[in-house]
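Residues per chain, in single letters:
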Amino acid sequence: MCRYSFNPFHQKNPDWQSTNCDAFTNNDIVDFHKTLKGYKPTPLISLPRLALKLGVGGIFVKDESKRFGINAFKALGASYAIYNVLKKAWENKFGTIFTIETFSDKSSMYKLGEFTFSAATDGNHGRAVAWTARMLNQKAVIYMPENTARFRIENIEKEGAKVILVKGTFDDCVKQNDHDAKLNKWQVISDTAYEGYMEIPNFIMAGYSTIFKELDEKLQFDYVFLQAGVGGLAAAGAWYFTNKFKDNRPKLICVEPTESDCFLESIINGNGNPITTKGNQESIMAGLNCGTPSALAWPYMKDSVDLFIAISDNYAEKAMQKYYYSNESDNRIISGESGASGLAGLIALLEDKNLKKATDIIGININSRILIINTEGDTDPINFKNVIERIKEN
Ligand SMILES: Cc1ncc(COP(=O)(O)O)c(C=O)c1O
């Protein structure tokens, strides 16, 4: 059942001077991404017909399925984190400055030696770590829940990584990875922060800010939908809009599946600390199936997001279909289950009776200009086909 909470911790002008993710203010992030093979800003696609149909002023979709040819946004974070790991290793070893040019130089990288990068993932982050490792001729070991879709596993193996399947949830994979990496002296590249492990997720979150920095500065939005797993992507969006527009920022809406609504649960909990979802973490929105907010993302979300909603899987399917069966002149967008969750959040707010009060209060109407991030394409093509074909049968 869909549910929501407005944010009692919301601040007009949050003071983030003392928060841990100081990497957001690094000025080398976009420049670094520009040096990577296949870099192009992802398109911002306007869907005027869909907006008309849903009764809103405009829908603009930043389409991350086009990122680096690997069908999701995640490589922005993994590559920037690995760059910073190698920078630190280089500067410790050689005592000279490591630059973006050093990273691009194969012989310098060879001098630095061998690394094994490891990560826990529901799919996209692991592929991003494996993709970056392969680009650098390094090794990767990736931990995944054993019920992960076969195609997602194969895509990671195709990048040359070793995949280890774990009985349990994403959170169990995080623990197993942490344990094994200590034993084997691997470098963990985790997108979630936990006690004793803050530095790297800091760079991952900061890497995602490129998505928002690529937006045309003149464009203005009234609402931004940000889907959250551990919250890195959503925190990057929350940071960007708050930093840029201060108390005049668009209204920020966090979207999660009801099965893994850890941010909503933490907001409802009311003491200002993040807690674990009560859900079973079995949503089809696989990338969002995370039980606990990242400790780094939490303060950004808690201070700046206006509304937290949890939606059921049927809205994700509906959004995938709406993107695919575009109206007249609208562009078709290929969007997977987690990718479509931002649009799914909008549809749920407009259609679900349990969210009606939230929609009235937040005030989405015929004039509202809405930004949504399609964070992935068809990363599970079998389920994608099932969802898309189902509409034909109805
Ligand atoms: C497609 C997709 N969208 C959104 C997210 C959520 O990102 P985060 O875990 O940073 O909140 C993920 C995470 O893996 C994902 O794969």
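Residues numbered from 1 in each chain as written. Predicted model: local features only at pLDDT ≥ 70, side-chain atom pairs only at ≥ 80, totals over all residues.

Quick look at the site of the ligand now. Looking at the ligand, there are 21 residues lining it, with N124, G229, G232, G287 and T375 nearest. Of all the elements in the fold, those that place two or more residues in the shell around the ligand are α6 (124-135) and α10 (232-245). Looking at the shell around the ligand, its residues break down into seven nonpolar, ten polar and four charged. Both domains that meet at the shell around the ligand, namely domain 1 (3-72 + 209-393) and domain 2 (75-201), each give it at least three residues. (Near = placed C-beta within 6 Å. Helix = DSSP H or I, 4+ residues; strand = E, 2+ residues; numbered from the N terminus. Nonpolar A, V, L, I, M, F, W, Y, C, P; charged D, E, K, R; others polar. Domains from an automatic or database assignment.)

The subject of this paragraph is the domain arrangement of the chain. Per the domain assignment, the segments of the chain are domain 1 (3-72 + 209-393) and domain 2 (75-201). Spacing between the C-alpha centres of domain 1 and domain 2 amounts to 25 Å. Taken together, the contacts link 32 residues of domain 1 with 26 residues of domain 2. Elements supplying a minimum of two residues to the side of domain 1 that touches domain 2: α1 (29-34), α9 (199-213) and α16 (381-393). Counting residues per element, the side of domain 1 that touches domain 2 draws most heavily on α1, at four residues. Tallied by class, the residues present in the side of domain 1 that touches domain 2 amount to 14 nonpolar, 13 polar and five charged. (Contact = placed C-beta atoms within 7 Å.)

Positionally, V166 belongs in strand β6 (residues 162-166). Overall, the presence of 18 C-beta atoms within 10 Å leaves V166 in the partly exposed class. Residues V166 and I59 lie 107 residues apart in sequence; the distance between their C-alpha atoms is 39 Å. If we ignore the near neighbours within four places in the chain, the residues touching V166 are Y143, M144, P145, E146, D172, C173 and Q176. (Buried ≥ 20, exposed ≤ 12 C-beta atoms within 10 Å, placed from the backbone.)

This paragraph deals with the sheet that holds strand β5 (residues 139-145). Strand order in this open sheet of four strands is β6-β5-β4-β7, and the pairing throughout is parallel. The sheet terminates laterally at β6 and β7 (187-188), the two strands that pair on one side only. The sheet contact formed by strand β4 (residues 116-120) and β5 spans five bridges and is parallel. Its bridge partner lying in β5, S118 is registered against V141. In the packing of α6 onto the sheet, the strands contacted are β4 and β5, and the crossing angle to β5 comes to about 170 degrees. (Pairing = 2+ DSSP bridges. Axes fitted to C-alpha atoms, helices over the stretch in contact; angles between N-to-C directions.)

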